[in-house]
Each structure stands twice: as C-alpha cells, then as structure tokens.
Amino acid sequence: MQRHLLPLTLAILLYLSSPALAWDDATHMAVMKAAGLDNYAYLAVGADMSKMKSGGHEDGNHYRNNAKGVKVTADMVLDQVRDYNSRDKDKGHLYGAIVAALTQYREYKNNGRYARYPLGFAAHYIGDLSMPLHNTDYNDFNKAHHRANDGVVEGGEDEATDAKVARIAAEIKKRMAGRPAYRLPRAKDDLVKFNRELAKKIAEIANKSIAFGYAMQDSKPQKTLMSADDAYGQLAESAALLKAAFAALQ
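Since the model is a prediction, treat every value here as computed from it, not as a measurement. Along each chain, numbering runs from 1 in the same order as the chain's sequence is written. Since the coordinates come from a predicted model, pLDDT governs what is reported: local features require at least 70, and pairs of side-chain atoms require 80 or more to be given and counted, while whole-chain, interface and lining totals use all residues. Excluding hydrogens and water, the side-chain values take into account all heavy atoms of the structure.

Visitor: What's the story with the nonpolar core in this structure? I'm lost.
Guide: Where a protein is soluble and globular, its nonpolar side chains tend to be buried together. To define a nonpolar core, start from buried Ala, Val, Leu, Ile, Met, Phe, Trp, Tyr and Cys residues and group those joined through side-chain atoms within 4.5 Å. Burial classes follow relative accessibility: with a 1.4 Å probe on protein chains only, a residue under 20% of its type's maximum area counts as buried, one over 50% as exposed, and anything between as partly exposed. Counting 71 residues, the largest nonpolar core has Tyr95, Ile172, Ile202 and Leu241 as the members making the most contacts within it. Broken down by element, the residue count for this core peaks at twelve residues, all from helix α10 (residues 228–248). If sequence neighbours within four positions are ignored, Leu241 has contacts with Ile126, Leu129, Tyr182, Leu184, Leu198, Lys201, Ile202 and Ile205. A run of H or I in DSSP counts as a helix once it spans at least four residues, and a run of E counts as a strand once it spans at least two, with each numbered from the N terminus. The contact definition used throughout considers only heavy atoms, calling two residues in contact when any of these lie within 4.5 Å.

Visitor: When you look at the environment of Tyr105 in this model, what are you seeing that I'm missing?
Guide: Its place among the elements puts Tyr105 in helix α5 (residues 94–110). Taking relative accessible area as the criterion, Tyr105 reaches 6% and is therefore assigned buried. Put simply, Tyr105 and Asp83 are 22 residues apart on the chain and 17 Å apart in space, counted from C-alpha to C-alpha. When residues no more than four places from it in sequence are discounted, the contact partners of Tyr105 are Ala115, Pro118, Leu119, Phe246, Leu249 and Gln250.

Visitor: Help me understand the packing of helix α2 (residues 25–34) against helix α8 (residues 161–177) in this model?
Guide: Two elements in contact, α2 and α8, have axes separated by 8 Å at closest approach and are oriented at 55°. Judged by the angle between their axes, α2 and α8 are oblique. Read as a crossing pair, α2 and α8 show a hand that is right-handed. Between α2, through Ala26, Thr27, Met29, Ala30, Val31, Lys33 and Ala34, and α8, the contact on the second element is made entirely by Thr161, Lys164, Val165, Ala166, Ile168, Ala169, Ile172, Lys173 and Met176. Charged means Asp, Glu, Lys or Arg here, nonpolar means Ala, Val, Leu, Ile, Met, Phe, Trp, Tyr, Cys or Pro, and polar covers whatever is left, Gly included. For the contact of α2 with α8, the class distribution of residues is eleven nonpolar, two polar and three charged. Note on geometry: axes are lines fitted to C-alpha atoms, helical ones only across the stretch in contact, with angles between N-to-C directions running from 0 to 180 degrees. Roughly parallel means an angle under 35 degrees; roughly antiparallel, over 145; roughly perpendicular, 65 to 115; everything else is oblique. Each crossing gets its hand from how the near helix is turned against the far one by less than a right angle, where anticlockwise is left-handed and clockwise is right-handed.

Visitor: I keep staring at the pattern of salt bridges and nothing clicks. Help me out?
Guide: Where charged atoms from two side chains of opposite charge approach closely, those side chains can pair. Salt bridges are defined as contacts in which a side-chain nitrogen from Lys or Arg sits within 4 Å of a carboxyl oxygen from Asp or Glu. Within this structure, the stated rule accounts for 20 salt bridges. With its nearest N and O atoms 3.1 Å apart, the salt bridge here joins Glu237 to Arg179. Here Glu237 is found in helix α10, whereas its partner Arg179 is found in the loop between α8 and α9 (191–218), with 58 residues between them in sequence. A salt bridge links Lys201 to Glu204; its shortest N-O distance comes to 3.1 Å. Residue Lys201 and its partner Glu204 are both found in helix α9; the two are separated by three residues, about one turn of the helix. On the basis of relative accessible area, Lys201 is assigned to the buried category, the value being 16%. A cluster of three or more residues bridged by salt bridges with shared partners is formed by Arg179, Lys201, Glu204, Lys208 and Glu237.

Visitor: Any chance you could explain the packing of aromatic side chains here in plain terms?
Guide: Aromatic ring pairs: the centre-centre distance and the angle between the two ring planes describe each pair. When the centres of two rings from Phe, Tyr and Trp lie within 6.5 Å, Trp using its six-membered ring, the rings pair. Their planes under 30 degrees apart give stacked, over 60 give edge-to-face, and anything left gives tilted. Using the criterion set out here, one finds four aromatic pairs in the structure. Measuring from centroid to centroid gives 6.1 Å for Tyr84 and Tyr125, while their planes differ by 85°, and the two rings are edge-to-face. Of this pair, Tyr84 sits in the loop between α4 (74–79) and α5 while Tyr125 sits in helix α6 (residues 116–129); the two residues are 41 residues apart in sequence, bridging distant segments of the chain. Chaining the aromatic ring pairs together yields one cluster made of Tyr84, Phe121 and Tyr125. Two conditions define a charge sitting above a ring: the NZ of Lys or the CZ of Arg must be within 6 Å of the ring centre, and it must be within 35 degrees of the ring normal. In this structure, Arg113 packs its charged tip against the face of Tyr108, placed 3.9 Å from the ring centre. Sitting over the face of the ring of Tyr182, Lys201 holds its NZ or CZ atom 4.0 Å from the ring centroid.

Visitor: Would you explain α5 in this entry?
Guide: An α-helical turn contains 3.6 residues, so any two residues separated by three or four positions project in the same direction. Here α5 spans 24 Å end to end across 17 residues, near enough to the 24 Å set by a 1.5 Å rise per residue. By the burial criterion, the buried members of α5 are Leu94, Tyr95, Gly96, Ala97, Ile98, Val99, Ala100, Ala101, Leu102, Tyr105, Arg106 and Tyr108. Following α5 by one or two positions, Gly112 has its phi on the positive side, about 75°. A helix is expected to reach a length of 1.5 Å times the quantity of its residues less one.

Here is the structure:
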C-alpha cells in the first residue's frame, strides 16, 4: 500500500469500527423528508461525515450506551447537554446532543446566522435516537449485528438515492399517520418549558429504543435483525419528533 494512502485507510477503518454508526445515509435523509423538511434532507448526513475529521469530538453525540434496566429521564437528557461535542467518554451523550444542536439552531436562526447546519446535525441525532442498538451497551451482540441493522430498509445499491429516500420516507409517513402527532410548546413563548418537554419526549423514545434493543438480544433465539416493519416504526418516532421540534422552533 502506498504510504500516502495509509492515513485515509486508517481513518476509514476507525470510522467503520466506531460504535457511532446508526442507520445508513438514505435512511437519515428519509427521516428528514418524512418530517416535511424535504429541502434539507441531504444535511442529515453531515454529522456522520464530520466524524472523520473531528478527532473524536463528534463521536459521542451519536449514541448512549445504556446498561440493561436503565430508565432515561428528562433530567438525564438535560444533564448531557454540557457534554455536546466533547471527546467521547465511552458511554456517549446522544440525548443531550439533540437538545444542544436544536439550541444552536434556534440561536443561529434568531441572530440571522446560517442555521441549516445545526438543523442537519439535530436531525441526524434525532434519527440515531430511534436506532435500538444506539441506545444499548456496545457489547458483542451489538458489535456483531449493528451494521446489518443500520441498513435494514436501504435495499440494494442499484436503487438511485433520491428514489430510495422517497421510498423509505413514504413508509415512515405511513407509520406516522397511524399514531397521534407529537406536540411541543413554542420555544418563543417559553424556552424552559420547550426544553423540558423536548427532554421528556427524547427520554420516552430512548426508553422504547433501549427496550427494543435488549428484547432483540434476550429473545430465544436471538433476534439479530429488525424486520423492515420494526425499523419503520422506530424511524416514525424520530420523524415525528423532528417534525414537532422544527415546528416549535419557528
């Protein structure tokens, strides 16, 4: 191997071995599209791209390694906000990253700054929130089956990206239509209340994801791969939260 290719190869290997991968690109874009943010869909992949050059400062934003039996609370979510963009501490701080990125989006927007990038990061983290194996311990089961579950609804490489995103988004929307829409208080009216209700909803979805992840691991025989229907149900949780958060921040 040529010497100048070694750093890039090492970066790719580290990226692929990281516990911070969740859902593939088209799936993340589809969450944004299903939330009604079609024009911003490509921004949802930026958080994964940034990990390769962030020196570990981005990784912990993508997951939370919860032990079996952990119940996430709103206080736990808000307590993680201070760790946003800090170097990975093994357990991760996904839940606080969602609040922090949305806070940055609101602040940029209110100050006339370019706010789309923090919105894209927030959308990605909200997508990660519904991936069960991003909410459980990164143990041997998680390591062995994580990658396959990331791409469970993606299909083959011969499908054009736009078509793939549209197909996945349509399935997510079907699941969203079958459940009550999420509502969050307007941040303009009461920012403290908005953050508290956002944290409660993050905790609720996190606990569903934790339960799902450990149910996969504990089933006899083990359920090593989500069904497409399972995945779409999880993704609908993310899209519904993103839709509600975006509306509340306008």
